Protein chains: 2
Amino acid sequence: MALPRRHPYKIKMNFEITLPDWAISELEKLPTHIPKLEDRMREVIRFSRLNIEHETGGPFAAGVFEKESGRVVVIGVNRVVPANCSSAHAEIVTLSLAQKILGTWDLGGPDMPEYQFIVNGQPCAMCFGSIPWSGVRDVIVACSGEDVETLTGFDEGPVHPEWVAELEKRGISVTEGVLREEASSVFRDYASSGALVYNGRSGD
Amino acid sequence: MALPRRHPYKIKMNFEITLPDWAISELEKLPTHIPKLEDRMREVIRFSRLNIEHETGGPFAAGVFEKESGRVVVIGVNRVVPANCSSAHAEIVTLSLAQKILGTWDLGGPDMPEYQFIVNGQPCAMCFGSIPWSGVRDVIVACSGEDVETLTGFDEGPVHPEWVAELEKRGISVTEGVLREEASSVFRDYASSGALVYNGRSGD
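Note that the structure is predicted; figures quoted are calculated from it, not measured.

Draft legend 1. Summary view of the overall build of chain A. Within chain A one finds eight helices and six strands. Ordering the α and β elements of chain A from the N terminus gives β-α-α-β-β-α-α-β-α-β-α-α-β-α. In terms of C-alpha radius of gyration, chain A reaches 17 Å, essentially the compact-globule figure of 17 Å for 204 residues. With respect to the principal axes defined by its C-alpha atoms, chain A has extents near 55 × 40 × 35 Å. The buried share among the 204 residues of chain A stands at 62%. Taking the contacts inside chain A whose residues are at least 6 apart along the sequence as the reference set, 68% of them involve residues at least 24 apart. Accessible surface for chain A amounts to roughly 7800 Å². Of this, 47% is attributable to carbon and sulfur atoms. Here chain A holds 20 positive side-chain charges and 29 negative ones, and the gap between their average locations is 8 Å.

Draft legend 2. Up close: the packing of aromatic side chains. All names here are of chain B. A complete count under the given rule lists eight aromatic pairs over all chains for this structure. Relative to Phe-47, the ring of Trp-22 lies with its centre 5.6 Å away and its plane at 50 degrees, an arrangement referred to as tilted. With a gap of 25 residues between them, Trp-22 in helix α1 (residues 21-29) and Phe-47 in helix α2 (residues 37-53) connect regions that are remote in the sequence. For Trp-22, a relative accessible area of 11% translates into the label buried.

Draft legend 3. Expanded view of the sheet that holds strand β3 (residues 72-77) of chain A. Residue and element names in this part refer to chain A. With mixed pairing, the five strands of this open sheet are ordered in space as β3-β2-β4-β5-β6. Strands at the two margins of the open sheet, each flanked by one partner only, are β3 and β6 (173-175). Looking at each pair of strands side by side, their axes are set apart by 15 degrees on average, direction ignored. As paired elements, strand β4 (residues 115-121) and strand β5 (residues 138-143) share five bridges and run parallel to each other. Residue pairing across strands places Gln-116 opposite Asp-138, the latter belonging to β5.

Draft legend 4. The nonpolar core, seen in detail. With 126 residues, the main nonpolar core has Leu-19 and Leu-107 of chain A together with Leu-19 of chain B as its most contacted residues. Among residues more than four places away in sequence, those in contact with Leu-107 of chain A are Val-64, Leu-95, Ala-98, Gln-99, Leu-102, Met-112, Pro-113, Tyr-115, Ser-134, Gly-135 and Val-136 of chain A.

Draft legend 5. Looking closely at the sheet that holds strand β3 (residues 72-77) of chain B. Residues and elements named next belong to chain B. Ordered by their spatial adjacency, five strands build an open sheet running β3-β2-β4-β5-β6, and the pairing between neighbours is mixed. The two strands at the open ends of the sheet, each matched to only one other strand, are β3 and β6 (173-175). Strand after strand, the sheet turns through a mean of 15 degrees between neighbouring axes, direction not considered. One ladder, built from five bridges, connects strand β2 (residues 61-66) with strand β4 (residues 115-121); its direction is antiparallel. Pairing of Ala-62 across the sheet is with Val-119, part of β4. Of the strands in this sheet, β2, β3 and β4 are in contact with helix α4 (residues 90-102), which crosses β3 at around 145 degrees.

Draft legend 6. How the structure looks around the pairing of strand β2 (residues 61-66) of chain A. All names here are of chain A. With six of six residues buried, β2 is to be regarded as a mostly interior element. Where burial is concerned, the two faces of β2 agree: the one with Ala-61, Gly-63 and Phe-65 and the one with Ala-62, Val-64 and Glu-66 are both buried. With five bridges connecting them, β2 and β3 associate as antiparallel partners. Bridge assignment links Ala-61 to a residue of β3, and that residue is Val-77. The turn linking β2 back onto β3 is made up of five residues, and Gly-70 within it adopts a positive phi angle of 80 degrees.

Draft legend 7. Structural context of the pattern of salt bridges. Residue and element names in this part refer to chain A. Under the defined criterion, the tally for this structure stands at 18 salt bridges over all chains. Residue Asp-39 pairs with Arg-42 through a salt bridge whose shortest N-O separation is 2.8 Å. Remark: Arg-42 and Asp-39 occur in helix α2 (residues 37-53); sequence separation between them is three residues, near one turn of the helix. Take Arg-42: its relative accessible area is 39%, and that puts it in the partly exposed class. Linked through salt bridges whose partners overlap, the residues forming this network are Glu-26, Lys-29, Glu-43 and Arg-46.

Parameters and conventions
Residues numbered from 1 in each chain as written. Chains lettered and ligands numbered in written order. Predicted model: local features only at pLDDT ≥ 70, side-chain atom pairs only at ≥ 80, totals over all residues. Heavy atoms only, no water. Helix = DSSP H or I, 4+ residues; strand = E, 2+ residues; numbered from the N terminus. Rg over C-alpha atoms; globule rule 2.2 N^0.38 Å. Buried < 20%, exposed > 50% of the residue type's maximum accessible area, 1.4 Å probe, protein only. Contact = heavy atoms within 4.5 Å. Areas by Shrake-Rupley, 256 points an atom, 1.4 Å probe, with all protein chains shown as cover. Lys, Arg positive; Asp, Glu negative; His and termini not counted. Charge placed at Lys NZ, Arg CZ, Asp CG, Glu CD. Phe/Tyr/Trp six-rings, centres within 6.5 Å; stacked < 30°, edge-to-face > 60°. Pairing = 2+ DSSP bridges. Axes fitted to C-alpha atoms, helices over the stretch in contact; angles between N-to-C directions. Core = buried A, V, L, I, M, F, W, Y, C linked by side-chain atoms within 4.5 Å. Salt bridge = Lys/Arg side-chain N within 4 Å of Asp/Glu carboxyl O.

Next up, the structure:
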């Protein structure tokens, strides 16, 4: 784990996060539009389950959709361990992919439709903070942060105590509890599989 | 800005963040170790200034160092606009590069030295939340969040009201105000240059 004597700066100073091959195949099979909110969430939950079945990351997935039409921009998954990147939570991966696909760092820019962000578990402290910068206007959550922590042992980190109000103050609506039971069952199965629950400095 | 009729999933579903060429050259010129804390911060501030002079991102830089020895792991910069990625703040970029260089998603893992994270401005809501996951044990800040907002107009987002206590609770020490004046002068110059201050959903 020690650093080499000379730093490897001759290597390309980049980092790259890639979706697993199965996710690309699944995305190609999706309809271009998913009209109903619950069906959008169902797909996000299905991706979270596939991510653990394929052992390609933690039990988290997120999707970006056009809110009105249901057009699918992308569904992404957690890649922390495979990518050796503690920021590669499903939310950061998915928002970054959506911004790449749409060619902008602001999904709330002028002349754009409203984008909806759908996650199977309440965003952690980091991912909560990433939402206002992303430009999405609407956040849909299945399980609460407490569900995630209780069912899996994953730490949500120091989430802002008024996280919903802070997003709503910025013009971002929040809906919680959509298909909560279905999402919980993935977290339960992850925990009972004995798979790695990585956490950082979680304190005592 | 409209999505193509068929989604471009045949393209590689990845996103990649790269340091600008000037930063790679500057990293190659650095000594392997910078023993004094203020000198480490001075380099981070210098990178923040170079990032605006080269027009390769916002006025933010961050560095990861071995705390005791001062060994430089990497210094990175904000890449939001060039990378079309709202999460490409200096902190996320730098922590991700450090994890790539060191080959682990946890800089606080067993048998590793303590890593120190040095930033020219108080981390925003997202970057604050990324710190506990990264494994760093020590955070050094030049300007406060209020300095950043007042001097530049960049929004810090919904930062946790007890952000220092929340990090310290997780075994991460925080020191603020190191070379604050030097860091402020970069923010002042950025603001007076009329360069883009991107913000997401910042509310009213």
